[in-house]
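Take a look at the letters that make up each chain.
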Number of protein chains: 2
Amino acid sequence: MGKIKIGILGYGNLGKGVEEGLRRNPDMELVGVFTRRNPEDLNTSSPAYSLNNLKDFKDKIDVLIMCGGSKSDIPEQGPKMAQIFNTVDSFDNHGKIPEYYEIMDNIAKANNKVAVISTGWDPGLFSLNRLFGEAVLPQGNTYTFWGKGVSQGHSDAVRRIKGVKKAVQYTLPKVEMVEDIRNGQEVAYTNRTAHDREVFVVLAEGFKRDEIREEIVNMPDYFSGYNTRVHFIDDEEFERNHKKISHGGKVIRQGTTSDGNISIYQFELALASNPEFTASVNIAYARACYRIAQNKDYGAKTVLDIAPGLLSMYSMEELRNRIV
Amino acid sequence: MGKIKIGILGYGNLGKGVEEGLRRNPDMELVGVFTRRNPEDLNTSSPAYSLNNLKDFKDKIDVLIMCGGSKSDIPEQGPKMAQIFNTVDSFDNHGKIPEYYEIMDNIAKANNKVAVISTGWDPGLFSLNRLFGEAVLPQGNTYTFWGKGVSQGHSDAVRRIKGVKKAVQYTLPKVEMVEDIRNGQEVAYTNRTAHDREVFVVLAEGFKRDEIREEIVNMPDYFSGYNTRVHFIDDEEFERNHKKISHGGKVIRQGTTSDGNISIYQFELALASNPEFTASVNIAYARACYRIAQNKDYGAKTVLDIAPGLLSMYSMEELRNRIV
């Protein structure tokens, strides 16, 4: 049987993660990386092409993994690409997923394609666990915690402050609240009460720690109302300890199966590399995408629509034997 | 839209759990409990019938949840019931699942029925997590831990010892090994090295603690080779603290997304009532079973074959909006 032929659109951290991850999936092969940049400028040993040539690969790519950003890349590229390719993306603008689904569903159906949208870990594996938790414990509450991990948005916000040379922001779940939930207690969960923020800053010459700290902890939307700790470190420590794009989080369902009998359902990820793991999930869903297309079940799909066994490189027979 | 009509076959702890759980699922209704015993002897307010009358309910039950044991009840009842009903079971004899699947698949297909087999938490939710973990982290290792929880088989084995009045056995995962895995270290995992056993015994009059302890910790297959702690307690403490059929466990996948970048994927359950939670999972899969049958996709299914969204009482549209 031939390998599943994959194309990568966009060569940022996520695209690089897909390239790396495909080496761990022997039933797949990378046809090429497609970029808006000059393909010769990409630092890769994979075949690299200009985005302008992508349409020539219509019959050479089974699934195109779209690795651009959710803010502008995916909403623009998705509807175009789903006319030509089976696609996988990790569109993560939660509020706009229903709208994006409708658009992609119509286009994919009209073109006999499959578009797997919003994979990754949140949305993605976390969505699955919110679903499973609620379905098996219909009376209860679901809590999502993010971190410990790097928030790109918050790190960017700190870096925009005058006097900040380098900065990284970690989101941390409140350990005590997690423990209370796991112990079956009621908690007052909001995103703000459930998370702390920790910032590591390298100061530029001639700026004062206290002023910068004040500016950070009072920044509206990003930090105001949160418990924020700011640490000032030197350049060397920053480079040594704060370059990894680590992340993770938890989905916890606390529910009762009868009066007084509490069940705790918990899913947790701790990831050394957020983009590499997201890429790895995308790859598993690319395999499912290919199989669903083979089965002519065209249209847009979320992780909730896809039978778990389709993600595996092994046969259902082997999985029944070894995994069930 | 009418409610999904459920029948319960067998009224032990699991059957009672399904009866209780159905009260938490407003889109379903209980048609009746079916028993080999005299139905008048069941302590229930639900309609109760003799197993002999079950075939009269052929057109009155959408899904029959089989709540007997995996040792003899399910292997005998499954093939008969799948001729007449869509079925859900929690057949948990892992080694025999492939064989049982084949039998149920043939019968269900021949009779235009759907047979969802081996649901619950292990097999069931744990199977799903072994699958997801391996699919998204193809280079890595998967570890399953059970406990802290009551093992019925081990409790029974201790109770058969002369001089033991009451006994309960808890299986405990080795906390240090779990921590090592979560820290990305390699471990020498076997079922035996990964679990401890803890036994609480109420002695009968005239028997000696040390002799009973020796007999327990050296019992072949059950305790020999395990780290086993035996506690002797009085009747009152036993009744107060050791009557709940609690259980739980963890599935952990430790894998790399690139050299040196480790991801930890962890799923965990802590259940006040093992049979009630198993029942609750069965109910969610009964909903999926009904929908798959409506869709005429007949045959046997494991949790790996079933799209997660089918488990929910909510529409896919609402789920995309609220959960993805």
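Residues numbered from 1 in each chain as written. Chains lettered and ligands numbered in written order. Predicted model: local features only at pLDDT ≥ 70, side-chain atom pairs only at ≥ 80, totals over all residues. Heavy atoms only, no water.

## Overview of the side chain of B:Arg253
Residues and elements named next belong to chain B.
At step 1: Mapped onto the elements of the fold, Arg253 is located in strand β12 (residues 247-258).
At step 2: It turns out Arg253 is buried and unbridged, and the closest side chain with the opposite charge, Glu134, is 4.6 Å from it.
At step 3: Among the polar contacts listed, one links the side chain of Arg253 to the backbone oxygen of Leu137, at a separation of 2.8 Å.
At step 4: A polar contact is formed between the side chain of Arg253 and the backbone oxygen of Pro138, at a distance of 3.4 Å.
At step 5: Apart from the residues lying within four places of it in its own chain, the contact partners of Arg253 are Gly133, Glu134, Leu137, Pro138, Gln139, Gly140, Asn141, Thr142, Ser263, Ile264 and Tyr265. (Helix = DSSP H or I, 4+ residues; strand = E, 2+ residues; numbered from the N terminus. Buried < 20%, exposed > 50% of the residue type's maximum accessible area, 1.4 Å probe, protein only. Lys, Arg positive; Asp, Glu negative; His and termini not counted. Salt bridge = Lys/Arg side-chain N within 4 Å of Asp/Glu carboxyl O. Polar contact = N/O pair within 3.5 Å; in protein donor to acceptor, adjacent residues only side chain to side chain. Contact = heavy atoms within 4.5 Å.)

## Focus: the interface of chain B and chain A
At step 1: Contact with chain B, which involves 69 residues of that partner, is made by 69 residues of chain A.
At step 2: Roughly 5,800 Å² is buried in total at the junction of chain B and chain A, and carbon and sulfur atoms are behind 58% of that figure.
At step 3: Summed over the three residues of chain B that lose the most area to chain A, namely B:Arg24, B:Arg320 and B:Val324, the buried surface amounts to 14% of that side.
At step 4: Ionic pairing is found between B:Glu268 and A:Arg182, a salt bridge with its closest N-O pair at 3.1 Å.
At step 5: Put simply, the parts of the chain that give the side of chain B that touches chain A at least two residues each are α3 (97-110), α4 (125-136), β12, β13 (261-271), α10 (274-294) and α11 (316-322) of chain B.
At step 6: Looking at the side of chain B that touches chain A element by element, the count peaks at 11 residues for β13(B).
At step 7: Counted by class, the side of chain B that touches chain A contains 36 nonpolar, 19 polar and 14 charged residues. (Buried area = accessible area lost by both parts, 1.4 Å probe. Nonpolar A, V, L, I, M, F, W, Y, C, P; charged D, E, K, R; others polar.)

## Looking at the packing of helix α4 (residues 125-136) of chain A against α4(B)
At step 1: Where α4(A) meets α4(B), the axes come as close as 13 Å, and the angle between the chain directions of the two elements is 180°. Regarding the angle of α4(A) to α4(B), the classification is roughly antiparallel. Contact residues: A:Leu125, A:Leu128, A:Phe132 and A:Val136 in α4(A); B:Leu125, B:Leu128, B:Phe132 and B:Val136 in α4(B).
At step 2: Of the residues in the contact of α4(A) with α4(B), the class split is 8 nonpolar, no polar and no charged. (Axes fitted to C-alpha atoms, helices over the stretch in contact; angles between N-to-C directions. Parallel < 35°, antiparallel > 145°, perpendicular 65-115°, else oblique.)

## Some remarks on the pairing of β12(B)
Residue and element names in this part refer to chain B.
At step 1: The buried fraction of β12 amounts to 11 of the 12 residues, a majority that puts the element mostly inside the structure.
At step 2: Direction of pairing for strand β7 (residues 140-146) relative to β12: antiparallel, over a ladder of 7 bridges. Bridge assignment links Phe145 to a residue of β12, and that residue is Lys250.
At step 3: In the sheet, β12 pairs with β13 via 11 bridges, with the strands oriented antiparallel. Across the sheet, residue His247 finds its bridge partner in β13, namely Leu271.
At step 4: What sits between β12 and β13 in their antiparallel hairpin is a turn of 2 residues, with Gly260 showing a positive phi close to 85°. (Pairing = 2+ DSSP bridges.)

## Focus on the sheet that holds strand β14 (residues 299-301) of chain B
All names here are of chain B.
At step 1: A sheet is described by the order of its strands in space; here 7 strands give the open sequence β3-β2-β1-β4-β5-β6-β14, paired in parallel fashion. Edge strands, defined here as strands with exactly one partner in the open sheet, are β3 (48-50) and β14. Geometrically, the sheet is characterised by an average inter-axis angle of 25° between neighbouring strands, direction not taken into account.
At step 2: The pairing of strand β1 (residues 4-9) with strand β4 (residues 63-66) spans 4 bridges and is classified as parallel. When the bridges of β4 are listed, Leu9 appears paired with Met66.
At step 3: Where helix α1 (residues 13-22) meets the sheet, its contacts fall on β1, β2 (28-35) and β4, and the angle it forms with β1 comes to roughly 160°.
At step 4: α3 rests against β4, β5 (86-89), β6 (114-116) and β14 of the sheet, and its axis sits at about 140° to β14.

## Here's the deal with the relation of the copies chain B and chain A
Note that the two copies of the chain are related through a rotation about an axis and a translation along the same axis.
At step 1: Turning chain B through 180° and shifting it by 0.0 Å along the axis lays it on chain A, with an RMSD of 0.0 Å. Such a combination of turn and shift is consistent with a two-fold rotation axis. (Least-squares fit on C-alpha atoms with pLDDT ≥ 70 in both.)

## Section: unusual backbone geometry
With the exception of glycine, most residues fall at negative phi, and the peptide bonds are largely trans.
All names here are of chain A.
At step 1: In this model, Asp122 is joined to Pro123 through a cis peptide bond whose omega is 0°.
At step 2: Residue placement: Pro123 occurs in the loop between β6 (114-116) and α4.
At step 3: The backbone of Lys296 sits at a positive phi, close to 60°, despite the residue not being glycine.
At step 4: As for its placement among the helices and strands, Lys296 is situated in the loop between α10 (274-294) and β14 (299-301).
At step 5: The exposed category is assigned to Lys296, whose relative accessible area is 60%.

## Some remarks on the pairing of strand β11 (residues 227-232) of chain B
All names here are of chain B.
At step 1: Burial along β11 is one-sided: the residues Thr228, Val230 and Phe232 are buried and none of Asn227, Arg229 and His231 is.
At step 2: Pairing analysis gives 6 bridges linking strand β10 (residues 195-203) to β11, with the strands arranged parallel. Bridge pairing in β11 places Arg197 opposite Thr228.

## What about the domain arrangement of chain A?
Residues and elements named next belong to chain A.
At step 1: Partitioning chain A into structural domains gives domain 1 (4-121 + 275-322) and domain 2 (125-273).
At step 2: Taken together, the 11 residues of domain 1 in the interface contact 14 residues of domain 2.
At step 3: Taking both sides of the interface into account, the surface hidden between domain 1 and domain 2 amounts to around 1,100 Å²; carbon and sulfur atoms contribute 73%.
At step 4: Inspection of the domain 1/domain 2 interface yields 0 salt bridges.
At step 5: For the side of domain 1 that touches domain 2, the leading source of residues is α10, giving 5 residues. (Domains from an automatic or database assignment.)

## Digging into the sheet that holds β10(B)
Picture the strands of a sheet paired through backbone hydrogen bonds; they go either parallel or antiparallel.
Residues and elements named next belong to chain B.
At step 1: Strand order in the open sheet made by the 4 strands is β8-β9-β10-β11, with mixed pairing throughout. Because the sheet does not close on itself, it has two edges, and the strands there are β8 (149-150) and β11.
At step 2: One ladder, built from 9 bridges, connects strand β9 (residues 164-173) with β10; its direction is antiparallel. When the bridges of β10 are listed, Pro173 appears paired with His195.
At step 3: Strands β8, β9 and β10 of the sheet are contacted by helix α5 (residues 152-159), whose axis makes an angle of about 145° with β9.

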